[in-house]
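This is what each chain is made of:
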Amino acid sequence: MDRVFARLLGGLLGLAMVLPPPVSLPLYPTLPLVSSAFADDDDDGGGDDDDDDDGDDGGGRRSEGGSGRSGDRPSSRPSGFTLFPFLQPQRPAPVRRAATAIPDRVPNEIIAVGLPEAAITQLTEEGYAVAERQSLGLVTAGPATEIVRLVVPRGTGLEAARERVTSLAPVAQVDFNHYYRPEQTETAPYCGGQSCALVREIIGWPIDPAGLVQRCGSLPTIGLIDTAINPDHPSLGDARLEVIRITDDALPQSGRQHGTAVAALLVGAAGSRAPGLLPSSKVVAVDAFRRLGGSADVASTFDLVRALDALAGRNVRVINLSLAGPDNALLKTTVDAMIERRVILVAAVGNAGPRAKPLYPAGYDGVIAVTAVDKGRNAYRRANQGAHVDIAAPGVNVWTAASISGARPKSGTSFAAPFVSAAAAVLLAERPELTPAQMAEALSGLAQDIGSPGKDQVFGWGLLDARRLCTAEASVQP
């Protein structure tokens, strides 16, 4: 029996030596593989090239390499088929990219507003280092009117450092230097033409907003705190867009995907591939973000406070905040000061999920917190929920600019917030005296109740209805 088996094996090996190499032709279309770590991330750290032009056949379909044909005849065998698989070299398993954990704060810093000079001197003697300090025109707390960023001595925990700084300056606002992230989470399915742009139809936003502007009056400047923006994008070529970078130029610049998409959603040219909601508006955009770990864009509390202060100094009345992060004493103080100045703050509620705790600044009183819905008016599956949610807007498959030249659908509460910011700007054009509380009342009056009767924790007052902008029905009592 052993000799018979040996002869059979020898014959098979000889046959393998004379047969031509196996043909490897796919029987089924090749599907792209996405690492599970980034399958739901709209910004996967692969750079800023999220343009949809390459490989698009113009009809909403991608032209993929490897059509599954050899000449015009399909193969009858699946890809990689061979008569002798045990003779093929073993391929190494693909390397899966692990998701990088992003901390919620700068690991060795404390920030403070209202820190007396004597306290700073004492802290430096104890080994603390002043990394940066800047005067603020907006926040006044204690004897100082500046924000200070302190590097904690090695071996000192952040909790202990916060307690020490607070003990030296009880009247100061002291906290960690938390990180805030753009609120986009997943890549939506590709859709061609203008089909995704029409998602704004569910709230009655006009395709040509010129008539809306004529009816309502002169639009105010809209502030935007976001990542870097590509001002050379065709949709933004004629936009009234001013971009300011607030972070240190020595730090890695943030990606352009998120900021470009949000800016184009607000003021993209009407005839472009990414038409905006209010193309004639002026936008002052502050890039308060930087790239961390090669793939994540983050804005520290220190830079976020400075960005808000910069917009307040320019008397901007409406600010879009498509970002979210932890509660922070300095951020809350800044938000309260902005609201006292009658600035309308519109923030994404966040994409941490329906059971997550509130994220900020959307969670602060006086901030208009925006959640997202899809075209069927269903709640976005990743949106935060809670009593702080004020209003819903389209935020799933929203067609807007890619970072280079094209356009693509985007999903996340980030892309719902600009709809409400645009509506607030239109309301201010008609009623420039509106306070933040009155603006919230006006927007609630424009909402279609699509959840539980009255204000609920999923949709707030309901879905924004732009059809009633600048009408007697949407008027607000002073």
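Residues numbered from 1 in each chain as written. Predicted model: local features only at pLDDT ≥ 70, side-chain atom pairs only at ≥ 80, totals over all residues. Heavy atoms only, no water.

Participant: Explain the overall build of the chain here, please?
Facilitator: The helix and strand tally for the chain stands at nine helices and 21 strands. Taking all 478 residues of the chain together, 50% fall into the buried category. Here the analysis covers contacts within the chain between residues at least 6 apart in sequence; of these, 77% occur between residues at least 24 apart. (Helix = DSSP H or I, 4+ residues; strand = E, 2+ residues; numbered from the N terminus. Buried < 20%, exposed > 50% of the residue type's maximum accessible area, 1.4 Å probe, protein only. Contact = heavy atoms within 4.5 Å.)

Participant: Even after reading the chapter, I still don't get the packing of helix α8 (residues 417–430) against helix α9 (residues 436–445), so can you show me in this structure?
Facilitator: Any two packed helices are characterised by the angle at which their axes cross and by the distance between the axes. Interhelical geometry of α8 versus α9 gives an angle of 110° and a closest axis separation of 11 Å. Relative to α9, the element α8 is oriented roughly perpendicular. For the element pair α8 and α9, the recorded crossing hand is right-handed. For the pair α8 and α9, contact is made by Val420, Ala423, Ala424, Leu427 and Leu428 and by Met439, Ala442 and Leu443, respectively. Split into classes, the residues belonging to the contact of α8 with α9 amount to eight nonpolar, no polar and no charged. (Axes fitted to C-alpha atoms, helices over the stretch in contact; angles between N-to-C directions. Parallel < 35°, antiparallel > 145°, perpendicular 65-115°, else oblique. Left-handed = near helix turned anticlockwise from the far one by under 90°. Nonpolar A, V, L, I, M, F, W, Y, C, P; charged D, E, K, R; others polar.)

Participant: Would you take a moment to explain the side chain of arginine 200 for this structure?
Facilitator: Within the fold, arginine 200 resides in the loop between β7 (186–187) and α4 (210–216). For arginine 200, which is buried and forms no salt bridge, the nearest opposite charge comes from glutamate 201, at a distance of 8.7 Å. Of the polar contacts made by the side chain of arginine 200, one reaches the backbone oxygen of glycine 276; its length is 3.5 Å. (Lys, Arg positive; Asp, Glu negative; His and termini not counted. Salt bridge = Lys/Arg side-chain N within 4 Å of Asp/Glu carboxyl O. Polar contact = N/O pair within 3.5 Å; in protein donor to acceptor, adjacent residues only side chain to side chain.)

Participant: Could you clarify how one ought to interpret the state of the cysteines in this entry?
Facilitator: Formally, a disulfide is one covalent bond, and it connects the sulfur atom of one cysteine to the sulfur atom of another. Evaluated as defined, the whole model comprises one disulfide. A disulfide bridge connects cysteine 216 with cysteine 470, and the sulfur atoms are separated by 1.9 Å. Residues cysteine 216 and cysteine 470 are joined through a disulfide that is right-handed, its torsion about the S-S bond being 130°. In this pair, cysteine 216 is assigned in helix α4 and cysteine 470 in the segment after β21 (463–464), connecting sequence segments 254 residues apart. Accessibility classification places cysteine 216 together with cysteine 470 in one group, the buried group. (Disulfide = S-S within 2.5 Å.)

Participant: Would you mind showing me how to read the packing of aromatic side chains here?
Facilitator: Where two aromatic rings form a pair, the distance of their centres and the angle of their planes describe that pair. Inspection of every chain in the model, using the stated rule, returns one aromatic pair. Between tyrosine 360 and tyrosine 364 the ring centres are 4.6 Å apart and the planes differ by 40°, which places this aromatic pair in the tilted class. Judged on exposure class, the residue tyrosine 360 and its partner tyrosine 364 are both buried. Geometry around phenylalanine 302 places arginine 149 over its ring, the cationic atom sitting 5.5 Å from the centre. (Phe/Tyr/Trp six-rings, centres within 6.5 Å; stacked < 30°, edge-to-face > 60°. Lys NZ or Arg CZ within 6 Å of the ring centre and 35° of its normal.)

Participant: Can you help me understand the environment of leucine 304 in this one?
Facilitator: Along the chain, the position of leucine 304 falls in helix α6 (residues 301–313). Spatially, the C-alpha atom of leucine 304 lies 7.8 Å from that of leucine 331, the residues being 27 residues apart in sequence. Filtering out sequence-adjacent residues up to four positions away, leucine 304 remains in contact with Tyr180, Ile225, Leu323 and Leu331.

Participant: Which parts of the structure should I look at to understand the pairing of strand β10 (residues 282–287)?
Facilitator: Within a regular beta strand, the side chains point alternately toward one face of the sheet and then the other, so they alternate between its two faces. Most of β10 sits out of view: five of its six residues are buried. Two elements, strand β8 (residues 222–226) and β10, share five bridges in a ladder whose sense is parallel. What sits directly across from leucine 224, in β10, is alanine 285. Taking the sense of rotation as the criterion, the β-α-β connection linking strand β9 (residues 240–245), helix α5 (residues 257–267) and β10 turns out left-handed. (Pairing = 2+ DSSP bridges. Right-handed = clockwise from strand over helix to strand, strands pointing away.)

Participant: Please explain helix α3 (residues 158–168) as it appears in this structure.
Facilitator: One turn of the α-helix equals 3.6 residues, which is why residues spaced by three or four share an orientation. Buried within α3 are the following residues: Leu158, Ala161 and Val165. Burial along α3 is one-sided: seen end-on, the buried residues are contained in an arc of 60°. Residues of α3 that are buried in the fold lie against β3 (105–113), α2 (117–125), β5 (146–151) and β6 (173–182). (Arc of directions from axis to C-beta.)

Participant: Looking at this structure, I do not really get the pattern of salt bridges. What am I missing?
Facilitator: Oppositely charged side chains can form a pair if their charged atoms are brought close together. Considering all chains together, one arrives at 16 salt bridges under this definition. Between arginine 431 and glutamate 433 there is a salt bridge, and its shortest N-O distance comes to 2.3 Å. On the accessibility criterion, glutamate 433 (37% relative accessible area) is partly exposed. What you see here is one network of salt bridges that share partners, running through Glu109, Glu132, Arg149, Asp303 and Arg306.

Participant: Help me understand the environment of arginine 342 in this model?
Facilitator: Its place among the elements puts arginine 342 in the loop between α7 (329–340) and β15 (344–348). According to the relative accessible area criterion, arginine 342 is partly exposed, its value standing at 35%. On a C-alpha basis, the gap between arginine 342 and alanine 437 in space is 8.9 Å, while along the polypeptide they are 95 residues apart. The contacts of arginine 342, once residues within four sequence positions are left out, are Arg317, Pro432, Glu433, Thr435 and Pro436. For arginine 342, the side chain forms a polar contact with the main-chain oxygen of glutamate 433, separated by 3.1 Å.

Participant: Would you mind showing me how to read the UniProt feature "active site" (unreviewed entry) in the chain here?
Facilitator: Feature annotation in UniProt assigns "active site" (unreviewed entry) to the following positions: Asp226, His258 and Ser414. A maximum C-alpha distance of 10.0 Å among these annotated residues, which run over 189 residues, shows that they cluster at one spot. Of note, aspartate 226 is situated in strand β8. Non-local contacts of aspartate 226, meaning those with residues more than four positions away in its chain, are made with His258, Gly259, Val262, Val286, Asp287, Ala288, Phe289 and Ser322. (UniProt positions renumbered as here; feature names shortened; annotations may be inferred.)

Participant: Mind showing me how you'd approach the pairing of β9 here?
Facilitator: Relative to β10, β9 runs parallel, the two sharing six bridges. Each residue of the ladder has a partner; that of glutamate 242, found in β10, is valine 284.

Participant: Could you clarify how one ought to interpret the environment of alanine 312 in this entry?
Facilitator: Relative to the assigned elements, alanine 312 resides in helix α6. In this structure alanine 312 comes out as buried when scored by relative accessible area, which is 6%. Sequence separation between alanine 312 and leucine 138 is 174 residues; the distance between their C-alpha atoms is 6.9 Å. Not counting chain neighbours up to four residues away, the residues in contact with alanine 312 comprise Leu138, Met338 and Arg341.

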